[in-house]
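Understanding the architecture of this molecule
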Amino acid sequence: MRFRFVALAMITTLTASARSAAQTGSVTAKPVDTSYVNYDEAPLSLPLGIGFRIPAYNRVDGLVLPWGPTLMLGAERLKMDATVAYRSHLGAFDPRLETKIQLSKLDEVAIDIGRETFSNDRWIRTDIINSLTALGVGSDSRNYFRADRGTAEITHRIVTGSTTWKPYVGVLYEDAWSTGVATWHTNAPWSFFGRTDSLKMRRPNPAILEGHTTSGLAGVGVEYEEADVKANMSMRIEHAFDSPTLVASDDGGQFTQATLGSKASFPTFGTQHFDFRAHAVLGFGDAAPPQRFAYLGGAGTLATVDLLALGGNRLLYVEGEYSVPLPRPALPFVGAPVVSLRYAAGAAGVGELPDLIQNISVGVGVKLLKAEYHIDPNYRKTSFTHRNAFSLGFSLSL
């Protein structure tokens, strides 16, 4: 009994002491550690955990599957991407090493060395859209050539308000050769639709002049963004000191070629929108070899012209599209449809620029898909042009 009273007295004393301490603040709880622990990542890593990069698909390479590690040193001041790309239709494994060195906050050196399948028509569609259209409907809006190429460029970034300027200079060395088949053929990668069409997956790929090109490069990229207004412009000038020539000559060809591109996007009234795009290729001096030609034609540019039927070292293309989202019907998963009106004009040729071909188009689309009807208001019958055309394709911009 006595032990019970002693224990009860001790508990009462301790409780009273704790209550008194809480009231006076003489006892403080141990603080909770909320600090972050920084773990240094390993300099060598595999993108996506296994090293594979975004695949691609086209009518010359088939499936393109790049794999390789990334090395980053000095708080990402040095980044190196070493990849090997498997090209299923060619049965080729192409090595490539991309190196970026951050000299300062505003200056960067980029060195790119490797074997690739190149195209001058990547401006028409993004890599993802071109892969989807090639695999889905057999519409590949690019011509290709193969080359071992090395480039080195130094870029300086200038920020003024909402505008960023990126002037650069560099050098290029290239050993190029033809790829694909330059005549009508049946040897083409598979696609869901259009795999036997001579204007789609079985479309001939133009031959080029094989040989070496040594060039100096200069250019500038400009980006503007403020609120809902976005615009960008690029200019690239290549001067070749030595290259293959279209005309037989003891001396290597010396051509100068300027490539300009521009895009702008901004809202107008309510949810309505306007998009502008332009692309131009100009040549000076000796005629640039076919590996520097650019092409037009097909739903990505002029739908009433056969796919990439116009090409050369002179090219001009402009396009404006006005989009009006409809308030209803709101469809499951894809939302409300968007109605668009588009005007496009362009031409391409060797040595000179022919008369412009014009297209007026009306379209309707939802997320991922877009259908358009096109007419040529000044139609002139040729073997590669049509009075009207209908297109159905992928769109990630809606």
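Rules of the game
Residues numbered from 1 in each chain as written. Predicted model: local features only at pLDDT ≥ 70, side-chain atom pairs only at ≥ 80, totals over all residues. Heavy atoms only, no water. 1 Å grid on protein atoms, 1.4 Å probe; cavity = no way out; pocket = protein on both sides within 12 Å on 5 of 7 lines; lining within 4 Å. Points joined across faces, edges and corners; volume = space filled by probe spheres on them. Helix = DSSP H or I, 4+ residues; strand = E, 2+ residues; numbered from the N terminus. Nonpolar A, V, L, I, M, F, W, Y, C, P; charged D, E, K, R; others polar. Core = buried A, V, L, I, M, F, W, Y, C linked by side-chain atoms within 4.5 Å. Buried < 20%, exposed > 50% of the residue type's maximum accessible area, 1.4 Å probe, protein only. Contact = heavy atoms within 4.5 Å. Phe/Tyr/Trp six-rings, centres within 6.5 Å; stacked < 30°, edge-to-face > 60°. Lys NZ or Arg CZ within 6 Å of the ring centre and 35° of its normal.

1. Notes on the layout of surface pockets
Its volume calculated, the second largest pocket comes out at about 1600 Å³. Taken together, 48 residues make up the lining of the second largest pocket; nearest its centre are Ala299, Gly300, Lys370, Glu372 and Phe394. No other element matches strand S21 (residues 388-395), which puts seven residues into the lining of the second largest pocket. Class assignment of the residues belonging to the lining of the second largest pocket gives a composition of 19 nonpolar, 14 polar and 15 charged.

2. Some details on the nonpolar core
One finds Trp123, Leu296, Leu302, Leu310, Leu315 and Tyr317 to be the most contacted residues of the largest nonpolar core, which totals 17 residues. Looking at this core, the elements with two or more residues in it are strand S15 (294-296), strand S17 (314-325) and strand S18 (338-349). With three residues, the single largest contributor to this core is S15. In terms of nonpolar packing, the next biggest core, distinct from the first, is built from five residues, Phe118, Phe145, Ala176 and Ile208 among them.

3. Quick look at helix H2 (residues 127-137)
Along H2, the residues that are buried comprise Ile129, Asn130, Ser131, Thr133, Ala134 and Gly136. Residues of H2 that are buried in the fold lie against strand S2 (56-58) and S21. Positioned one or two residues after H2, Gly138 has a phi angle of 75 degrees, which is positive.

4. A short note on the side chain of Thr213
The topology assignment puts Thr213 in strand S11 (residues 211-226). Residue Thr213 is classed as buried on the basis of its relative accessible area, which comes to 0%. Discounting chain neighbours no more than four positions away, the residues touching Thr213 are Leu172, Tyr173, Glu174, Glu238, Ala240, Asp242, Ser243, Pro244 and Arg292.

5. Observations concerning empty space enclosed by the protein
Taken as a whole and judged by the stated rule, the model has one cavity of 30 Å³ or more. Roughly 100 Å³ of internal volume is contained in the largest cavity. For the largest cavity, the lining is made up of 13 residues, of which Asn143, Tyr144, Ile208, Pro290 and Tyr295 are closest to its centre. Its residues assigned to classes, the lining of the largest cavity shows eight nonpolar, four polar and one charged.

6. Quick notes on the packing of aromatic side chains
If you walk through the whole model with that rule in mind, you get five aromatic pairs. Aromatic side chains Phe266 and Phe274 sit 5.5 Å apart centroid to centroid with 45 degrees between the ring planes, which places their arrangement in the tilted category. Above the face of the Phe118 ring, Arg149 is positioned so that its terminal group lies 4.0 Å from the ring centre.

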